[in-house]
Amino acid sequence: MKKIPMFIIMTLIFSFITASAQGPRELKAYTTDTKVTVNGAEHKFSNETVNIDGSTYVPLRELAETLGYKVTWDAEKREAVLEKDEGCLFKFEQNGLWGFMDRGGNVIISPQYNDAEDFSEGLAVVEKGDKYGYINEKGETVIPFQYDEARSFHCGLAGIVKPGDTFHGEPPIYTVNYIDQKGMSAGTVECMSLSDFTEDGFAAIKPFSGGFFVDKSIKQVSPTYRYVGEFAEGLAPAADESGKFGVVDTNFKTVVDFKFDYIRPYSNGLAVFGIGNDYGFIDRNGNVVIEAKYGYCGCEDYSDGLIPVSLDNGWGCLNSHGDLVFSGDFEYIDKYHDGLSMVIDKKTENYGFIDCSGKYVVEPKYNYALPYNNGLMYVYDDENPDGYYIDRAGNRVGPKN
């Protein structure tokens, strides 16, 4: 992807103060109306800039993402890591066809596909006519349009279904062929749905009855269970013949006994478990960390230390100890991404975005929205039924005509 030079013009006043080593020091802090211009357009931050003792501070994540950097937080080192995000493209829809734009809203691949998925490992699966194929970030066809079904690449492999490899029934059974990025087959397996490989090197295969795991040679490497879920953090949920759920490790040894009615994949050391219609959380050893008393829990891929849960009069978020951090008049709270979560407002049924304190960063005024993705959010309103991207402050980004 071609690099686009970014220029900032900032009106800042910096004062350097040498503090005396003796006695307490008084710091004065106040919000400022700092003007930030990116490529000739003024940018408004969702969080205010602050002046402390004459030095002006701007929100790091928001500024970095505006300039095309990906920001991650290293909890162990307690430091923010900035990486130049050169190849990040965002899919968008116009008049029923899908294309791709860059972070600045510039159209890189014109709308021409009936369907499209996000880029993964440098390729995107797209549909043209009634067949799926794969393109690179220049819009060049890398693997021809020849498949009835196709998944994105994960760990160098993607599941596809060739014409004639669907066995109709209830439910239908597919012969899934896993291919590499050159379109070469790594092996086939029969199952009800296409599954992705995870970082642990396994894919969860669910045939008509039971389930098992295959490695990247597409060979069964586990016992057959009544049900299997995806690996995450070295662990995977599975159900035995009685239908009870437990957890196995990458050697397929039982690490959590088969005694729960339901278990989801792990995220940040916790997994949702179910007893009847009530849900709580267990740790990696199967110890109950948060008792089962919630009607719905969104633990999968939770981040920022917040777990969305359904409450009696709305939704709220717990911390990893089960303490309620905040609650509000929400119909739904999605999982957090980089400090933001998509929500549905209970009164208006509109979509908006909140921060980690439950306060609206982007007001609920959209008919529909997709979760926060690499610094941008895709939203829909009455005037824009095809949708468009906004940034963390609610500024419209693109696609640009």
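Here, every reference points to the structure presented above.
The structure displayed is predicted, hence computed values, not measured ones. (Residues numbered from 1 in each chain as written. Predicted model: local features only at pLDDT ≥ 70, side-chain atom pairs only at ≥ 80, totals over all residues. Heavy atoms only, no water.)

## Observations concerning the sheet that holds strand 25 (residues 245-249)
Read across the sheet, four strands follow the order 23-24-25-26 without closing on themselves; strand pairing throughout is antiparallel. In the strand order of this sheet, the two ends are held by strand 23 (227-228) and strand 26 (254-260), each with one partner. Note: strand 24 (residues 235-239) against strand 25, five bridges, orientation antiparallel. Bridge pairing links alanine 238 to glycine 246 in strand 25. (Pairing = 2+ DSSP bridges. Helix = DSSP H or I, 4+ residues; strand = E, 2+ residues; numbered from the N terminus.)

## Observations regarding the sheet that holds strand 38 (residues 368-369)
Spatial strand order, 38-39-40-41: four strands in an open sheet with antiparallel pairing. Every interior strand has two partners, whereas the edge strands, strand 38 and strand 41 (396-398), have only one.

## Points about the pattern of salt bridges
Scanning all chains against the criterion turns up five salt bridges. In this structure, lysine 131 and aspartate 130 form a salt bridge, with 3.7 Å as the shortest nitrogen-oxygen distance. By relative accessible area, which is 52% here, aspartate 130 ends up exposed. One salt bridge connects arginine 151 with aspartate 196, and the closest N-O pair in it is separated by 2.7 Å. Residue arginine 151 is found in the loop between strand 16 (149-150) and strand 17 (158-161), and its partner aspartate 196 is found in the loop between strand 20 (185-191) and strand 21 (203-205); the two are separated by 45 residues along the sequence. A residue is classified by how much of its surface remains accessible, and aspartate 196, at 13% relative accessible area, is buried. Shared partners join several salt bridges into a network, and the residues in it are Asp130, Lys131 and Asp148. (Salt bridge = Lys/Arg side-chain N within 4 Å of Asp/Glu carboxyl O. Buried < 20%, exposed > 50% of the residue type's maximum accessible area, 1.4 Å probe, protein only.)

## Some remarks on the environment of proline 371
By the element assignment, proline 371 lies in the loop between strand 38 and strand 39 (377-381). Look at proline 371 and you get partly exposed, because its relative accessible area is 32%. Taking C-alpha positions, proline 371 is 8.3 Å from lysine 335, a pair spaced 36 residues apart along the chain. Discounting residues that sit within four places of it in the chain, proline 371 has contacts with Asp334, His337, Met342 and Leu376. (Contact = heavy atoms within 4.5 Å.)

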